[in-house]
Amino acid sequence: MENNLHPENHFIVVKEHKNNLDMASQDVEKLIDSARQLFDNEEYLAARALYTQALTLDPFDARIWNHRSNTHLKLGYPELAFTDAARGLQILDDKLAKKTLSREDRNDCVFLKLDVLYTCLLATEALNTFQMALQYINRLLANSHLLSNEVHKTVLKKQAIFHDKINQKVNTLNKTNIPSGVSIDTISNLGTMRIVTYPWDDFEPFNSANDIETEMKKLNNALESFAPKLMIVQMPDNPALYNSELVSSASISKTGRPQLGIIARKTIKSKERILDETGIFVNNGLYGPKCNYCNSILSTSTNKSNEIHKTTCRECGERFCSVDCLQSAMETYHKTLCGRDISHIVEFVARGISCSSLIHLFVLRLLAIAVQNKQHPLEINAVKYLAKGVKEVVPWDIYQSYFMYLDLLKILGLCPYRDIDKFDFWIYYTLRNKLLPNVFGEYKAPMKPANGKLFPFSSFFNHSCVSNVIYITSRNAHQVIVARKEGIEKNQQVFISYIDPDRPFIERQQLFQITYGFVCRCERCVREIGTSNEEEILKKTAQ
């Protein structure tokens, strides 16, 4: 047998490894040069693709992160520009901390760091998070002797502008009713990011490359297997106006995808069970011990020790309410999360005053499912077909929009540099924006969220303040949809109520606009307000 540990063989292996590294380095430089040419020619999407390819070859090259960051700025995605620049900045900080760094390399790092800091400044400015932008200004001014006169003047000018903007924002907030438990400083530090479908997102089922009818057929084949009396169809802009005889009434929503809803394939009887769907459940750890899979309250009785033993993970001690829940968790996500410390994530989520705070736990669960099943997160059936809602912007802050995701990746043993193929930040933002309008929360009391649940097919039900079905959550992460006593005629649309329909009209409308970003124009709201015109409803709601 050949001895692979022989010194001559070892020399050959090392030499081949060095040659491979040299070839990879040459490939990276070629990609960078080609991407720069595309960037100069304003072909930013093509430049981004090459920079991303270069990062897969050398994920710890701060230059490439900075190049891609500037490309994202040109494309109008400052949230991605920031996350790229911040990662490049971390690489440089780590490198500069090394005492063995040569003077030449140190000088190169210092000047590149100034360039990256300026990119962070531009990204945070575009995100309207001016407090954060001032921090980068301070870091730049600490090295003012290295800045050109032009850059120095620009930075000082921006500093004055940002201070004015912050003061204006604080003055405006002082005149508004701020919810108890929320500080003005917290709100004034929030920026905004646009909700978009990134043009390189090949996982969006309703993009221009996919046939809508083909995707609809896939959806309905899956739905028919457990809800044979229901069918997903295209809807008009106002789903309340759906008419099965007017096929041309279907429209594309504000999110650039078809407006969808669910109708009855066949007549549905009074109180008939029409859908029984398995979902994803999370809870914030408050209000007693709960099953990690379905949120059922766990028994604390000492008389059920044998049952508790059967429903507890042998490796980490995590308890579930039943053997079925334990097995389902093991098959989908728990093997990946088993024994991982997520206490700091749960503690942060528990401080939230709305169910949107639970989104981080949903993202963690979805990432664990992706890792355990070797899937891309956006290919998971639970999120693939979810719509992003109609809100144009959502809040952005450095902790929840950057550091939180780094924490989630660290928990799962993933690298924010090497693992960008499946776990880059655009994927995180896409997941988060799909979850925000589709996660239903349960509150223990006002501003005291407890549980969150996500049901992919139930998300296709449109809202009405006079719904014709009710939903009941059952054990083992199931939700059952039951028709009201009036029943549902064939081809009639099936509606659920997203909120408590007993709330007053103005309160309902404000809740829709804040939470979901739409104006409800169901038959009840139109009757109560006297118009179906969206602008008129907004005016009357604001009074």
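Above: the structure in question.
The rules we used
- Residues numbered from 1 in each chain as written.
- Predicted model: local features only at pLDDT ≥ 70, side-chain atom pairs only at ≥ 80, totals over all residues.
- Heavy atoms only, no water.
- Helix = DSSP H or I, 4+ residues; strand = E, 2+ residues; numbered from the N terminus.
- Rg over C-alpha atoms; globule rule 2.2 N^0.38 Å.
- Buried < 20%, exposed > 50% of the residue type's maximum accessible area, 1.4 Å probe, protein only.
- Phe/Tyr/Trp six-rings, centres within 6.5 Å; stacked < 30°, edge-to-face > 60°.
- Lys NZ or Arg CZ within 6 Å of the ring centre and 35° of its normal.
- Pairing = 2+ DSSP bridges.
- Axes fitted to C-alpha atoms, helices over the stretch in contact; angles between N-to-C directions.
- Core = buried A, V, L, I, M, F, W, Y, C linked by side-chain atoms within 4.5 Å.
- Contact = heavy atoms within 4.5 Å.
- Salt bridge = Lys/Arg side-chain N within 4 Å of Asp/Glu carboxyl O.

Per the secondary structure count, the protein includes 20 helices and twelve strands. Taking 24 Å as the expected radius of gyration for a compact globule of 543 residues, we find that the protein reaches 27 Å, a close match to that expectation. With respect to the principal axes defined by its C-alpha atoms, the protein has extents near 80 × 70 × 50 Å. When burial is assessed residue by residue, the protein has 46% of its 543 residues classed as buried.

Inspection of the entire model under this criterion finds 31 aromatic pairs. Centre to centre, the rings of Phe348 and Tyr399 are 5.0 Å apart; their planes meet at 55 degrees, and the pair counts as tilted. One end of the pair, Phe348, is in helix 12 (residues 343–350); the other, Tyr399, is in helix 15 (residues 398–411), and 51 residues separate them in sequence. One aromatic cluster is present, formed by Phe82, Tyr136, Trp396, Tyr402, Phe403, Tyr405, Phe425, Tyr428 and Tyr429 through successive ring pairs. Note that Arg48 overlies the ring of Trp200, its terminal NZ or CZ placed 3.6 Å from the centroid. Arg365 extends its terminal NZ or CZ atom over the ring of Tyr333, reaching a point 4.0 Å from the ring centre.

When you tally the buried positions in strand 8 (residues 448–454), you get six out of seven residues, the bulk of the element. Pairing of strand 7 (residues 440–445) with strand 8 involves five bridges; the strand directions are antiparallel. If you follow Phe440 over to strand 8, its bridge partner there is Lys453. In this structure, the hairpin formed by strand 7 and strand 8 is closed by a connection of two residues, where Met447 is found at a positive phi of approximately 65 degrees.

Quick look at the sheet that holds strand 5 (residues 280–283) now. In space, the three strands of this open sheet follow the order 5-8-7, with antiparallel pairing throughout. Each edge of the open sheet is held by one strand with a lone partner, namely strand 5 and strand 7. Sheet twist, expressed as the average angle between the axes of neighbouring strands with direction ignored, equals 20 degrees.

As a further point, take the nonpolar core. Membership of the largest hydrophobic core comes to 110 residues, with the highest contact counts inside it found for Phe82, Tyr136, Tyr198, Tyr293, Leu367 and Leu435. A per-element tally of this core places helix 13 (residues 359–372) first, with ten residues. Once residues lying within four places of it in the same chain are set aside, the contact partners of Phe82 are Cys120, Ala123, Thr124, Leu127, Tyr136, Trp396, Ile398 and Tyr402.

We now examine the pattern of salt bridges. Under the defined criterion, the tally for this structure stands at 21 salt bridges. Here Glu204 makes a salt bridge to Lys388, at a shortest N to O gap of 3.9 Å. Taken together, the residues span a long stretch of sequence, with Glu204 in the loop between strand 1 (191–194) and helix 9 (212–224) and Lys388 in the loop between helix 14 (381–384) and strand 6 (393–396) at a distance of 184 residues. Lys388 shares its class with Glu204; the two are buried. Measuring nitrogen to oxygen at the nearest pair gives 2.6 Å for the salt bridge that ties Glu507 to Arg503. A relative accessible area of 35% places Glu507 in the partly exposed class. Because the salt bridges share partners, they merge into one network encompassing Arg68, Asp84, Arg87 and Asp424.

Moving on: the sheet that holds strand 11 (residues 478–483). Read across the open sheet, the three strands follow the order 4-11-10; overall the sheet is antiparallel. In this open sheet, the two strands that pair with only one neighbour each are strand 4 (273–278) and strand 10 (469–474). The average undirected angle you get between the axes of adjacent strands in this sheet is 20 degrees. Of the pairings in the sheet, the one linking strand 4 to strand 11 comprises five bridges and is antiparallel in character. Paired with Thr278 across the two strands is His478, which belongs to strand 11.

Here we take up helix 17 (residues 425–435). Judged by how many residues are buried, helix 17 sits mostly within the fold: eleven of eleven residues are covered. Within the sequence span of helix 17, burial applies to Phe425, Trp426, Ile427, Tyr428, Tyr429, Thr430, Leu431, Arg432, Asn433, Lys434 and Leu435.

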